[in-house]
Every structure is written in structure tokens, then in C-alpha cells.
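One-letter residues, chain by chain:
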Amino acid sequence: MRRSLPENVNYSDDDLLNIVDMIWDYYEMNGLLDVEIENEKDSDEEEIDIVSELIDYARRMLKKDKACKVSPDHLEALISAELAYEDALDAEMLSD
């Protein structure tokens, strides 16, 4: 996630973990942690919609969380980096 940010931007581990928590909260609220639903995901368009919805959700949560110092301008890069990491883990698990 840190590599997705400009060099002069540095967030604490807690701030980055807060963004990861927001992503997983979104997954849980939308039933995306169910194995059957994950296996049905077959279109890139659906994934793009989820990214957009995740960013909107994280923006709303950041407004409520005054302790988190993450700029809304960096959410897209941070969320995209986390999703790419999750995809890499999925690919690794499938190759085993």
C-alpha cells in the first residue's frame, strides 16, 4: 500500500490498517465474504463497480473517523493496492 503513494506521503501503520478494516467491513456488510458469491464473480465490470463503491464507502467512513489521517485523495491508490494484494494471494493459493 505504501508503494502506491507519492514518495512524500507517509501514513502510520494504524492509518493503513484502518483502510484495510474499512475494506473488510464493506465486504462483510455486502456479503462478499461468502465463498459462493466470490466464485460467481466473473466480470471485470463488477469488480470496477466494487472498487468505486469501496472508495465511496471509505470516504464516508473517513469523515466519521477524525483520528485517521489518510487523505481522501489517496483512497483510490490505497484501495487498489490492497485489492491487487488480495488478488495476488488468491492467485498464489490457486497455483498451490
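Conventions used here
- Starting from 1, residues in each chain are numbered consecutively following that chain's sequence as written.
- Only residues with pLDDT of at least 70 get local features here, since the model is predicted, and only at 80 or more are side-chain atom pairs given and counted; chain-wide, interface and lining totals rely on the full set of residues.
- As a rule here, side-chain values cover all heavy atoms of the structure and leave hydrogens and water aside.
- Take the buried Ala, Val, Leu, Ile, Met, Phe, Trp, Tyr and Cys residues and link them wherever side-chain atoms come within 4.5 Å; each set so joined is a nonpolar core.
- Relative accessibility decides the category of a residue: with a 1.4 Å probe and only protein chains considered, values under 20% of the type maximum give buried, values over 50% give exposed, and everything between is partly exposed.
- Under the DSSP-based scheme used, a helix requires at least four consecutive residues in state H or I and a strand at least two consecutive residues in state E, with every element numbered from the N terminus.
- The contact criterion used throughout is that any non-hydrogen atoms of two residues lie within 4.5 Å.
- Axes here refer to lines fitted to C-alpha atoms; in helices the fit is confined to the stretch in contact. Angles between the N-to-C directions go from 0 to 180 degrees.
- Comment on the angle field: the value is read as roughly parallel under 35 degrees, roughly antiparallel over 145, roughly perpendicular from 65 to 115, and oblique elsewhere.
- Helix crossings get a hand from a simple test, with the near helix turned counterclockwise from the far one by less than a right angle marking a left-handed crossing and a clockwise turn marking a right-handed one.
- Basically, the charged four are Asp, Glu, Lys and Arg, the nonpolar ten are Ala, Val, Leu, Ile, Met, Phe, Trp, Tyr, Cys and Pro, and anything else, Gly included, counts as polar.
- Polar contacts, as counted here, are pairs of nitrogen or oxygen atoms within 3.5 Å of one another; within protein the pair requires one atom able to donate a hydrogen and one able to accept it, and residues that are adjacent in sequence qualify only if both atoms are side-chain atoms.
- Only the six-membered ring of Trp is used, alongside the rings of Phe and Tyr, when aromatic pairs are assigned; centres must lie within 6.5 Å, and planes under 30 degrees apart are stacked while those over 60 apart are edge-to-face, with the rest tilted.

Chemist: Would you explain the nonpolar core in this entry?
Modeler: Grouped together as the largest cluster of nonpolar side chains are 24 residues, with contacts concentrated most on Ile19, Leu54, Val70 and Ile79. Contributing elements (two or more residues each) for this core: α1 (13–29), α3 (44–64) and α4 (75–95). Broken down by element, this core gets its largest block of residues, 8 residues, from α3. Each residue touching Ile19, except ones within four places of it in the same chain, is listed here: Met1, Leu62, Val70, Leu75, Leu78 and Ile79.

Chemist: Can you help me understand the packing of α1 against α4 in this one?
Modeler: To describe two helices that pack against each other, one gives the angle between their axes and the distance between the axes. Two numbers describe how α1 lies on α4: the axes approach to 11 Å, and their chain directions differ by 70°. Between α1 and α4, the interaxial angle falls into the category roughly perpendicular. Crossing of α1 over α4 shows right-handed handedness. Each of Leu16, Ile19, Val20, Ile23, Trp24 and Tyr27 in α1 lies in contact with α4, whose residues at this interface are Leu75, Leu78, Ile79, Glu82, Leu83 and Glu86. Here the residues of the contact of α1 with α4 sort into 10 nonpolar, no polar and 2 charged.

Chemist: How should I be thinking about the environment of Ser4 in this particular structure?
Modeler: Within the secondary structure, Ser4 sits in the segment before α1. Discounting residues that sit within four places of it in the chain, Ser4 has contacts with Ala77, Leu78 and Ala81. Within the structure, the side chain of Ser4 is placed 2.6 Å from the backbone oxygen of Met1, a separation counted as a polar contact.

Chemist: Would you take a moment to explain the packing of aromatic side chains for this structure?
Modeler: A ring pair, where both rings are aromatic, is described by two values, the distance of the centres and the angle of the planes. Taken as a whole and judged by the stated rule, the model has 2 aromatic pairs. With centroids separated by 5.1 Å and ring planes inclined at 80°, the aromatic side chains of Trp24 and Tyr27 adopt a geometry described as edge-to-face. One end of the pair, Trp24, and the other, Tyr27, are both in helix α1, 3 residues apart, so they sit about a helical turn from each other. Here Tyr26 and Tyr57 contribute two aromatic rings whose centre-to-centre distance is 5.8 Å and whose plane-to-plane angle is 55°, an arrangement assigned as tilted. Taken together, the positions of Tyr26 in helix α1 and Tyr57 in helix α3 put the pair 31 residues apart, joining distant regions of the chain. Both residues of the pair, Tyr26 and Tyr57, count as buried.

Chemist: Can you help me understand the side chain of Glu86 in this one?
Modeler: Within the secondary structure, Glu86 is located in helix α4. Note on Glu86: relative accessible area 13%, which makes it buried. Setting aside residues up to four positions removed in sequence, Glu86 forms contacts with Ile23, Trp24 and Tyr27.

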